[in-house]
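Architecture at a glance
So the chains spell out like this:
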Amino acid sequence: MNTVVCIKQVPDTETLIKVQGAGIVTEGIKWVMNPYDEFAVEEALQQKEKMKAGAVTIVSLGPDRAIEAIRTGLAMGADTAVHINDAAYYDKADPYATAAALAAAVKGLQYDAIFLGKQAIDDDAAQVPAILAEMLGIPAVTMVVKFEVAADKSTATVTREIEGGQAVVEVPLPAVFSAQKGLNEPRYASLPGIMKAKKKPVDVKTAADLGVSEGPKTVVKEMTLPPARQAGKVIAGDDAAAKAKELARILHEEVKIV
Amino acid sequence: MAGTLIYAEVQKGEIKKGSFEVTSKAKELGGDVAVCLIGSGVEGLASQLAKYGADKVYVVDGPEYENYVTEAYVQAFKQVADTVSPTVILASATAQGKDFVPAVAARLGVGAISDCVDLKKEGDKVVAKRPVYAGKAYAMIEAVADPQVIAVRPNSFAVKEVAGAGAVEKAAVSLDASKIKAVVKSIEVAQTDEPDQTEAEIIVSGGRGMKGPENFKMLEDLAKLFGPTATTGASRAAVDAGWREHSYQVGQTGKTVSPNLYIACGISGAIQHLAGMGTSKVIVAINKDAEAPIFQKADYGVVDDLFNVVPALISEIQNVKG
């Protein structure tokens, strides 16, 4: 089974975000592969291992630094990669423009399934899987927590997270799948894997190479920080029972929730 | 004047509160407010939308809409949107809304703005405020073209009773079945009346300090006392320990929530967790470690052993309620 995994490099979750105009201060940020994309890479690798055939291709839109996330995917075991390295395009790209670039890169590849993380933890938009599928004219199944392919690779039966439960969905391949936590346990790149990854082929393209000129459909006008929350009142009392009583009074009289 | 078209979501035979929230907000933003209601046996619900500001309700009702299937719902909604030609499309960013909204926007060939917490009208544009980096920052975003498709995080706006004309029309919609490729084989929904964490008004959440899965029972008991809009949550530490399912996780790799009241029990307050619940209106922290970072965000802090505080709080609240 041939799969494509679209990944994004994002700031590590420990990052303290500082804003600047319509963006963030990128200095000093530790960049990592989007955590949800790790589930996507892992699933593609497991499917390849199960089928004992096929290739896994990583596709990523991002500036020079994105190569590190791509190499992480290759070190985990992916075979090849396409790096859409175009800082000017990337800087303005919203989910729609991102999907347009990915779609253009994916069109030249062989695939039975495309995996992505359910959202990137930087802009948290969770839109690219649906838009990419629309652009490729194939179905998308989001929030996937279990994935199985029929032996003839004609369909996939997947379990997706829905409100308060799960739904089992059968979909013909090729299709786009967005990975939710719980789908699998992503592997760590091994040392030999990291060494091998350095020699794996990465096809570098610009948006122009791919023939994409799609402008963004949404524009960030400004970024702000949330108002600093002041540490509030520490509830006094001789013991836990007294504090609980005071808290109950506050919830009733001040917060008016009880 | 052109106006807004809203996607109204139905779950368990009821219109979601978030759909009423965006309907009231649309009325406030001005212009005509139309609503598209899709489901099976939902026509009777249409009149409820008028109370919150709907001028017109387009009903797409049929057995083929019994279960939510992205493609079928997108096809139906697009046909209604083509009739209405709205300048703005709004939906509630529920679990289903998060699947539906980008798919609809892509079909309409426009962008979408996900999970917004505030909307402001500036001329012909709606400027949407949304948390990014799980709430560590906010972005002000606008769409470059109409329709401006925007999903709104539940609990961001109050449900307001503002009368709309409320005309109900059965929408003439035809589905291209050949394009509906995904088939729902089965649905398993836990038998619980608890709301989803992203929609709950009150969340009682537990972390590493809960010490084990069995102790979450008391958080459930506390949540129940707050009524049907309350539920429980968990920190990543509690989820990674296997004490709670991932669907309970609040934080950067879990759910981002904005309840009216968030009670953090035995949660130290890692940056990823604080980002995910920082927009809660009132935060209460119960932790025996006075140095825990959660107290820097809490409106009310109780420095004590949660195993003594929570049971006492349960009985005190029972007293207050009589």
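How each quantity is defined
- Residues numbered from 1 in each chain as written.
- Chains lettered and ligands numbered in written order.
- Predicted model: local features only at pLDDT ≥ 70, side-chain atom pairs only at ≥ 80, totals over all residues.
- Pairing = 2+ DSSP bridges.
- Helix = DSSP H or I, 4+ residues; strand = E, 2+ residues; numbered from the N terminus.
- Contact = placed C-beta atoms within 7 Å.
- Nonpolar A, V, L, I, M, F, W, Y, C, P; charged D, E, K, R; others polar.
- Domains from an automatic or database assignment.
- Axes fitted to C-alpha atoms, helices over the stretch in contact; angles between N-to-C directions.
- Parallel < 35°, antiparallel > 145°, perpendicular 65-115°, else oblique.
- Left-handed = near helix turned anticlockwise from the far one by under 90°.

Another aspect to go through is the pairing of strand S9 (residues 140-149) of chain A. Within a regular beta strand, the side chains point alternately toward one face of the sheet and then the other, so they alternate between its two faces. All names here are of chain A. Sheet analysis places S9 next to strand S12 (residues 175-179), joined by 3 bridges and oriented parallel. Paired with Ala140 across the strands is Val176, a residue of S12. Sheet topology places S9 next to strand S10 (residues 155-162); 5 bridges connect them, and they run antiparallel. Residue pairing for S10: Lys146 is matched across the bridge by Thr159. Between S9 and S10, which follow one another and run antiparallel, lie 5 residues, and Lys153 among them has a positive phi close to 60°.

Attention shifts here to the interface of chain A and chain B. Every contact between the two is made by 65 residues of chain A and, on the other side, 76 residues of chain B. Counting only elements with at least two residues in the side of chain A that touches chain B, the list comes to helix H4 (95-107), helix H5 (128-136), S9, S10, strand S11 (165-172), strand S14 (218-224), strand S15 (233-234) and helix H7 (240-253) of chain A. Grouping the amino acids of the side of chain A that touches chain B by side-chain chemistry returns 37 nonpolar, 11 polar and 17 charged. Summarising the sheet, S11 of chain A and strand S13 (residues 183-189) of chain B pair through 6 bridges and their orientation is antiparallel. Across the sheet, Gly165 of chain A pairs through a bridge with Val189 of chain B, a residue of S13 of chain B.

By the assigned domains, chain A splits into domain 1 (3-205) and domain 2 (229-258). If you average the C-alpha positions of domain 1 of chain A and of domain 2 of chain A, the two centres end up 46 Å apart.

What follows concerns the packing of helix H3 (residues 70-84) of chain B against helix H4 (residues 95-108) of chain B. Residues and elements named next belong to chain B. The interhelical angle for the contact between H3 and H4, taken along N-to-C directions, is 55°, at an axis separation of 10 Å. By the angle between their axes, H3 is oblique relative to H4. Handedness of the H3/H4 crossing: right-handed. Mapping the contact onto sequence places Thr70, Tyr73, Val74, Phe77, Lys78 and Ala81 in H3 and Asp99, Phe100, Ala103, Val104, Arg107 and Leu108 in H4. Partitioning the contact of H3 with H4 into residue classes produces 8 nonpolar, 1 polar and 3 charged.

Moving on: the packing of H5 of chain A against H4 of chain B. Their axes nearest at 8 Å, the elements H5 of chain A and H4 of chain B cross at an angle of 35°. Taken as a pair, H5 of chain A and H4 of chain B cross one another with a handedness that is right-handed. The segment H5 of chain A lies against H4 of chain B, with Ala130, Ile131 and Glu134 of chain A engaging Pro102, Ala103, Ala106 and Arg107 of chain B. Its residues placed into classes, the contact of H5 of chain A with H4 of chain B shows 5 nonpolar, no polar and 2 charged.

Attention now goes to the domain arrangement of chain B. Residues and elements named next belong to chain B. Looking at chain B, the domain boundaries give domain 1 (4-179) and domain 2 (202-321). Residue-level contacts link 9 residues of domain 1 with 9 residues of domain 2. Of the residues assigned to the side of domain 1 that touches domain 2, the class counts are 4 nonpolar, 3 polar and 2 charged.

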